Amino acid sequence: MDAFKTYKANLNCTNIGADVLANSEDFAMYKNGMAFVSDGDLFNLFLTGINQAKKGQIFIMNLNSIDENYMETPKEVPIKGFPTGRNFQPHGIFYSNSTNRLYTVSHPHQGEGSFVEIFTVEENPLTLKHADSVLPTTENMVINDVVEGRSENEIFVSRFQWYAKPLGGELSQKTNKETAEEMKSLLMSFSPGTYIYGCRKENSEWKCGKATEKLGKFYNGLAISANRKFLFAADMFAKLIRIFKITDEGLMFHKDIQTSHAVDNIDFDTESQDLIGGTHVSLWRALARLKIDPNIPAPTSVSVFKGSPEAGYTEVDDLLHDGTVLSTGSTGVIW
């Protein structure tokens, strides 16, 4: 088992923003070497619920400032017009150059379900203006990531959990139903059962449903090609990235890309067409870090896949860190 394997790092890591970020899960490239960073304090949110979690935020990171001598601290991006009374705990995020919108999966933990919150990005000063909300499902914390589809009136959202998570967190006192669902989730977690939502806005109303019958074991990060014809979905437990063609009828299965490790979030490089994935090198250590002890080092890597959506991809590079500085890494881009 990889839980007992020794890993040799080929990637030196430095921690940036540990003094301001609680638990960052995803980031999205913006403009001119700037990246949006989600910070929903998901570790505490998953385990103990909203009352123990830090208030969620979006930060901006200047990748141009990173060198051996100076690293600029990520800065919080102000949000205006957000729905009154609703919590904001961001998970997966996606920035669209086409529409200048930031899409975020958020888990408010208030009994309504998890939302996709959509923001228009304003500049001078950099601000996020709330534009819309989408509710793919009323179940708590079952969705993970989001991308914009062929227009601002279409999005795709990954569902990574079989059953809803308790509002009080996994460590809370559970009802008999919640306990049974948790046991079923554990037993079924290595069988296909998760899927992707397709949501379209028609007559000012969002309508969501299954976009494909091709189920995954644990659909996680999403990415979309520059021409908006292909969707990529990381199936973490299956150790693959699944490519779909986007059609008016939904998502049509195209190809699978086998991966060395469990890919979490993925990014599509619009210039090279490369795919870059943040991976969990040892799923067992990542789960032990979440369930048992947050101090357990869990090795992580940034994997690079070269090819094209039409022809498929080959994994060509694996930049690995042993987990001593960066553990359970979930995303990465090459800069």
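Here's a quick rundown of the structure. (Residues numbered from 1 in each chain as written. Predicted model: local features only at pLDDT ≥ 70, side-chain atom pairs only at ≥ 80, totals over all residues. Heavy atoms only, no water.)

1. Quick notes on the overall build of the protein
Of regular secondary structure, the protein possesses three helices and 21 strands. Looking at the protein as a whole, 52% of its 335 residues qualify as buried. Intrachain contacts of the protein at a sequence separation of at least 6 include 57% that bridge at least 24 residues. (Helix = DSSP H or I, 4+ residues; strand = E, 2+ residues; numbered from the N terminus. Buried < 20%, exposed > 50% of the residue type's maximum accessible area, 1.4 Å probe, protein only. Contact = heavy atoms within 4.5 Å.)

2. Observations concerning the sheet that holds strand E15 (residues 230–235)
What the four strands build is an open sheet, ordered E14-E15-E16-E17; its pairing is antiparallel. Each edge of the open sheet carries a strand with a single partner, namely strand E14 (219–224) and strand E17 (250–258). Adjacent strand axes in the sheet meet at a mean angle of 25° when their direction is disregarded. Pairing between E15 and strand E16 (residues 240–247): six bridges, direction antiparallel. Residue pairing in the sheet places Leu231 in a bridge with Phe244 of E16. (Pairing = 2+ DSSP bridges. Axes fitted to C-alpha atoms, helices over the stretch in contact; angles between N-to-C directions.)

3. Description of the sheet that holds strand E1 (residues 24–29)
Strand pairs in the sheet, formed through backbone hydrogen bonds, run parallel or antiparallel to each other. Across the sheet, four strands lie side by side as E1-E2-E3-E4; this open sheet has antiparallel pairing. The open sheet has two free edges, formed respectively by E1 and strand E4 (75–76), since each of these has just one partner strand. Bridge analysis of strand E3 (residues 57–62) against E4 gives two bridges, and the strand direction is antiparallel. From the neighbouring strand, Phe59 faces E4, where its bridge partner is Glu76.

4. What to know about the state of the cysteines
Following the criterion strictly, the structure yields one disulfide and no others. The disulfide that involves Cys199 links it to Cys208, with 2.2 Å between the sulfurs. Looking down the S-S bond of the Cys199 and Cys208 bridge, the torsion is 115°, so its handedness is right-handed. (Disulfide = S-S within 2.5 Å.)

5. Some thoughts on the pattern of salt bridges
As a working rule, side chains carrying opposite charge can pair if their charged atoms are close by. One pass over the structure, following the stated rule, counts 13 salt bridges. Measuring nitrogen to oxygen at the nearest pair gives 2.9 Å for the salt bridge that ties Glu122 to Lys80. Linking Glu122 in strand E8 (residues 114–122) with Lys80 in strand E5 (residues 79–80), this pair joins segments that are 42 residues apart in sequence. The partly exposed category is assigned to Glu122, whose relative accessible area is 24%. Between Arg200 and Glu154 there is a salt bridge whose closest N-O contact spans 3.1 Å. (Salt bridge = Lys/Arg side-chain N within 4 Å of Asp/Glu carboxyl O.)

6. Describing the nonpolar core
The tendency in soluble globular proteins is for nonpolar side chains to be buried side by side. Within the largest apolar cluster, 27 residues are counted, with the highest numbers of intra-cluster contacts made by Val116, Ile155, Phe156, Val157, Ile196, Leu231 and Leu251. Listed by contribution, the elements that provide at least two residues to this core are strand E7 (101–106), E8, strand E10 (143–148), strand E11 (154–159), strand E12 (196–202), E14, E15 and E16. In this structure, Val157 is in contact with Val105, Val116, Pro136, Ile143, Asp145, Val146, Tyr195, Ile196, Tyr197 and Leu222, ignoring residues within four places of it in sequence. Listed in part, the 14 residues of the second largest apolar core include Ala28, Phe36, Val77 and Leu102. (Core = buried A, V, L, I, M, F, W, Y, C linked by side-chain atoms within 4.5 Å.)

7. Here's the deal with the packing of aromatic side chains
Geometrically, a pair of aromatic rings is defined through the distance of the ring centres and the angle of the planes. By the definition in use, this model includes twelve aromatic pairs. Aromatic side chains Phe36 and Tyr95 sit 6.0 Å apart centroid to centroid with 50° between the ring planes, which places their arrangement in the tilted category. In this pair, Phe36 is assigned in strand E2 (residues 34–39) and Tyr95 in strand E6 (residues 90–96), connecting sequence segments 59 residues apart. Neither residue differs from the other here; Phe36 and Tyr95 are each classed as buried. Aromatic pair Tyr195 and Tyr197: ring centres 5.2 Å apart, planes at 65°, arrangement edge-to-face. Of the two residues, Tyr195 and Tyr197, neither departs from the other in class, the shared state being buried. Counting every residue linked through ring pairs, the aromatic cluster contains Tyr30, Phe36 and Tyr95. Seen from the ring of Phe115, Arg86 lies directly overhead, with NZ or CZ sitting 3.9 Å from the centre. (Phe/Tyr/Trp six-rings, centres within 6.5 Å; stacked < 30°, edge-to-face > 60°. Lys NZ or Arg CZ within 6 Å of the ring centre and 35° of its normal.)

Nothing here speaks to function; it is all geometry.
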